[in-house]
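Close look at the chain arrangement
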Amino acid sequence: MAGLPRRIIKETQRLQADPVPGISAIPDEANARHFKVEVAGPVKSPYEGGTFHLELFLPEEYPMSAPKVRFMTRIYHPNIDKLGRICLDILKDKWSPALQIRTVLLSIQALLSAPNPDDPLDTNVAEAWKKDEESAIEEARQFTRQHAMGNKPQQ
Amino acid sequence: MVDLARQAFSTNNFGLAAEIYERTIKENGPQADLYLGLADSFARGGQFTKAFDAYTNAFRLGRVTPEKLKHLVTALIESLSQDSSSSGGQQNSMKKSCMFTCVLCRGLLNDPVTIKCGHTFCRKCLERDRTKTCKVCGIVHYRLKPANIRTNVVLSNLIHKWFPDSCRAAELKAEGNKFFEKRDFERAIKFYSEAISLSDADHLLFSNRSHAYNALDQYDKALEDAEKVVKMRPDWPKGFFRKGLALYGLGRYEEAVIAFLQCLALDKEVTSAKEYLSKSLHMVLSQLPPDDPKALQRQREANPSLFQALVNSNFNISTFLPHITANTFNQLKQIMNDTVEEASNFMPPSQACSGASPVLDDAKDLLKVSPYLQEPGSMLEKHRCNSVPVLKETSPPGSPESVLRQRSRSQSPDRKDLETQGSRKRSRNPSVNQPLSPTHSSPQKCLRSEAEEKSGASDKKAISEDLLSVEDLECSLCYRLFYKPVTTPCGHSFCCECLDRCMDHQTSCPMCKSSLAEYLAERRSTMTECLQAIIVNYFEKEYIDRQKIHEEEINELAKMGLDTQHEIPVFVCTLGFPSVPCPLHIFEPRYRLMIRQCMESGTRQFGMCACLSDNEENFSDYGCMLEVRDVHFFADGRSLVDTVGGRRFRVLGRSKRDGYNTAKVEFLSDDPVDQAVLPELQQLQHDIYADMKKWLDRLPAVHKARISQHFGTIPTMDPNPSTNPNGPHWAWWCIAVLPIDTRVQLALLAMGSFKERLEAMKKVLQYLGKRHS
Ligand SMILES: [Zn+2]
Ligand SMILES: [Zn+2]
Ligand SMILES: [Zn+2]
Ligand SMILES: [Zn+2]
């Protein structure tokens, strides 16, 4: 395999020098295409106070294909399933090579602030969300307290 | 008779037309119409002295409207374009190296849009120019719609960053233009003046203000501004037009004629200049003094312009010495030559950042005096000065010397000077004039192009170090300095290579998602020239580094298969065989990239391996190189690639690059044939070839047709099967055509001996024969 493309090196440098507020992304020492990501639950969301661990991987075709991102911390969210998979258009058909790791992380943060039960990945959660938003939000808070507080990154 | 003359005139037989008119005048007596026809015939025939003589008679005999002078105007323009055609190419080369300058208005690019051919113009200028012809490269864009092209984002941002004052001035100018349109010329002038205070080297501001002063009948101020425009951009036709209008307004018609002719010498398509040229000529011709030598003398002394001299000499030859008259017209031509010459040699002044003025205070005095009021002798000197190559190093444009050089000693000649002028004229032979232009232009031309190569683009301006950031010219796909930047219709710029790669995957712009289907269909990869020029001029070191990286990448690709360390690209699909054609339909993004890389690196070949399992990374251990003979692209980016089999190889290691498979390989060839066994081998070859033909003959017609359509007819047998390292072609043709399993084909491909291959083929044919019977 060829060396790390200049674009990935630069993106990593810029993420380090000018991080997204509330998000840290640190490349794996063994594999520079692999990032350990921590997202702070956005204020005024049911995830506030939680720290969510994610895994971000840049495939060989990056930036021609989107980064692969997955929640490692359990989260109660209509667009994120039990396995941590995320339903986000820019990670799928709306991906563009001009997008970056930074834009992906910002979009995930935004998704936590504004769950979209009309485009669900976990239908159960989405149903609950649509039927009774208040208790769904309470459930999300409960999940956050249980899984996303005082947690250590999984190995 | 007159009909005959008209007919001769309309068939461009001007000599005959003139002859008939002359005879008719002799027979029927003088009439205005006849003299006009005669004058037109002389003018179109290039005999201007006689033409003016005839025009004057026409004017004395009756009323002649300005429109009637259209043939004179045409003839004058024709004679101008003949003289200036030689310097056209040079002008082009100057235009090409512009970075921030719009060729249409010669100003700083304002709302820049980049069109298909890679050239960039102000949006307004492009909208106004209805020719649909690129003024830089001459390409006609029939479907050009400026409204559908968005602003070139990178360039626009850069211009705003580097020239904030000029951009502010452009905004003020736009405000001024609004008031101008509302015919509030005084408010317009206020805005133009404010803009000038920010950017006093912008000729467009002076031009617009001159226009506004003209509208207010303040012709002296209009002229002052127009003179500045002409001085700043002697290559801009409109500047001379503005000057002509002001002079016309001031009643200085002779000078107006010259100014309009200068405008037309630079661009003979300016309709309004033609119109005003005929108006001015009309005024000049109408104002002729009565047939009184003394009145003429007084007139000449009161207004000793060169054109007056020209006109006077044309109308009353007896008062002037005959040989001067021809000379005078030559001088007029010389002015036009100078105009064109100066325009094509003109280099915009370097500026220290934005807003710095190249116009020196003491130059203003020089400007007030029209350079063409000088005596002819000084004009000769001016040429000598001009023949010093205009090199930036020797004397920066805008310096006092260059101002002096351009406008040598232009003082209004007093009466005493006029006398000496007369004597000098007399002493000068007309022929002295002729060799001037070729001798002084040619050495200048080559010196200039050298200087241009060294100093880069013609509109290079000094930009302060802290504004120069290579990140402003970074491709948002590869995060490197643009390499061969292209710009999409949506105004986004990328390296050509990067955008191509994106379009392998999706036909929308990576930045804004606009459709690029049309862009792709046109297979447009024309570099955005001004971005390239900016990179070369301001980021030379970075550019050289970037070029080196690109070349290394290409060289790396070109080394494929050179040794076992340099991997070959592998297309995992089917098997190819030496010398057998293999057409491929390329649609997968990764293979589109692979084909492009093959073509760009010049290798024009790649490995073809069979896919033997669900996991294509486990491609076959043996394969065949396919050599690209032709690529045909479809509008959507797919392509049809015509290939033919080349060398065989054995896979030593598998890897991936840019999404496709690669392999370290060793190339195979047949073992040499022992001469002792050659006859035996030849016999075997002969038998198998016959068996194969028998098998072919027994095939149904449909099958036979399909085979010949795909693979052609069976190649002839090689008399000496040992000459080719791959063995005889016909055998590979058979292996490709026979209905056998890929694994069997693979085994045949891997064999290193022709004899072994023949024996295997024999078994296959026997098996097929049995199955058939
Ligand atoms: Zn323009
Ligand atoms: Zn062009
Ligand atoms: Zn690029
Ligand atoms: Zn775009």
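Residues numbered from 1 in each chain as written. Chains lettered and ligands numbered in written order. Predicted model: local features only at pLDDT ≥ 70, side-chain atom pairs only at ≥ 80, totals over all residues. Heavy atoms only, no water.

As annotated in an unreviewed UniProt entry, chain B is LON peptidase N-terminal domain and RING finger protein 3 from Littorina saxatilis. Under the Subcellular location (unreviewed entry) heading, UniProt states for chain B: "Cytoplasm". (UniProt positions renumbered as here; feature names shortened; annotations may be inferred.)

Where an unreviewed UniProt entry is consulted, chain A appears under the name UBC core domain-containing protein, with the organism given as Littorina saxatilis. The Sequence similarities (unreviewed entry) field of the UniProt record for chain A holds the comment "Belongs to the ubiquitin-conjugating enzyme family."

What follows covers the overall build of chain A. Helix and strand counts for chain A come out as four helices and four strands. Mapped in sequence order, the helices and strands of chain A form the string α-β-β-β-β-α-α-α. Taken over the C-alpha trace, chain A has a radius of gyration of 16 Å; the compact-globule value for 155 residues is 15 Å, and the two agree within 12%. For chain A, the spread of C-alpha atoms along the three principal axes comes to 50 × 35 × 25 Å. For chain A, the share of sequence-separated contacts (at least 6 apart) that also reach a separation of at least 24 residues comes to 56%. Approximately 8,100 Å² of chain A is accessible, and the part contributed by carbon and sulfur atoms is 52%. Positive and negative charge centroids in chain A, built from 20 and 21 side chains respectively, lie 4 Å apart. (Helix = DSSP H or I, 4+ residues; strand = E, 2+ residues; numbered from the N terminus. Rg over C-alpha atoms; globule rule 2.2 N^0.38 Å. Contact = heavy atoms within 4.5 Å. Areas by Shrake-Rupley, 256 points an atom, 1.4 Å probe, with all protein chains shown as cover. Lys, Arg positive; Asp, Glu negative; His and termini not counted. Charge placed at Lys NZ, Arg CZ, Asp CG, Glu CD.)

Moving on: the coordination of the zinc ion (ligand 2). Residue and element names in this part refer to chain B. Every protein donor of the zinc ion (ligand 2) is accounted for by Cys117 (SG), His119 (ND1), Cys134 (SG) and Cys137 (SG), and the metal-donor separations fall at 1.9 to 2.3 Å. The site at the zinc ion (ligand 2) holds four donor atoms, and with the angles between them running 105 to 116°, its shape is tetrahedral. Cys134 gets classed as buried once you look at its relative accessible area, which sits at 2%. (Donors = N, O, S within 2.8 Å, 3.2 Å for Na, K, Ca; no water. Tetrahedral: all angles 85-135°; square planar, octahedral: opposite > 155°, others 65-115°. Buried < 20%, exposed > 50% of the residue type's maximum accessible area, 1.4 Å probe, protein only.)

With that settled, the discussion passes to the packing of aromatic side chains. Two aromatic rings, taken as a pair, are described by how far apart their centres are and by the angle between their planes. Residue and element names in this part refer to chain B. All chains considered together, the criterion is met by 22 aromatic pairs over all chains. Between Phe571 and Tyr591, the ring centres sit 4.0 Å apart and the planes meet at 10°, which makes this aromatic pair stacked. Remark: Tyr591 occurs in helix H29 (residues 589–601) and Phe571 occurs in strand S5 (residues 568–573); sequence separation between them is 20 residues. Within the aromatic cluster, the residues linked to one another by ring pairs are Phe241, Tyr248, Tyr253, Phe260 and Tyr276. Cation over ring: Lys182 sits above Phe179, and NZ or CZ is 4.9 Å from the ring centre. Sitting above the plane of the Phe163 ring, Lys461 keeps its charged end 5.6 Å from the centroid. (Phe/Tyr/Trp six-rings, centres within 6.5 Å; stacked < 30°, edge-to-face > 60°. Lys NZ or Arg CZ within 6 Å of the ring centre and 35° of its normal.)

This brings us to the UniProt feature "domain: Lon N-terminal" (unreviewed entry) in chain B. The UniProt record marks residues 557–769 of chain B with the feature "domain: Lon N-terminal" (unreviewed entry), using the residue numbering of this structure. For residues 557–769 of chain B, the end-to-end C-alpha separation is 46 Å, with 38% helix and 27% strand making up the annotated structure.

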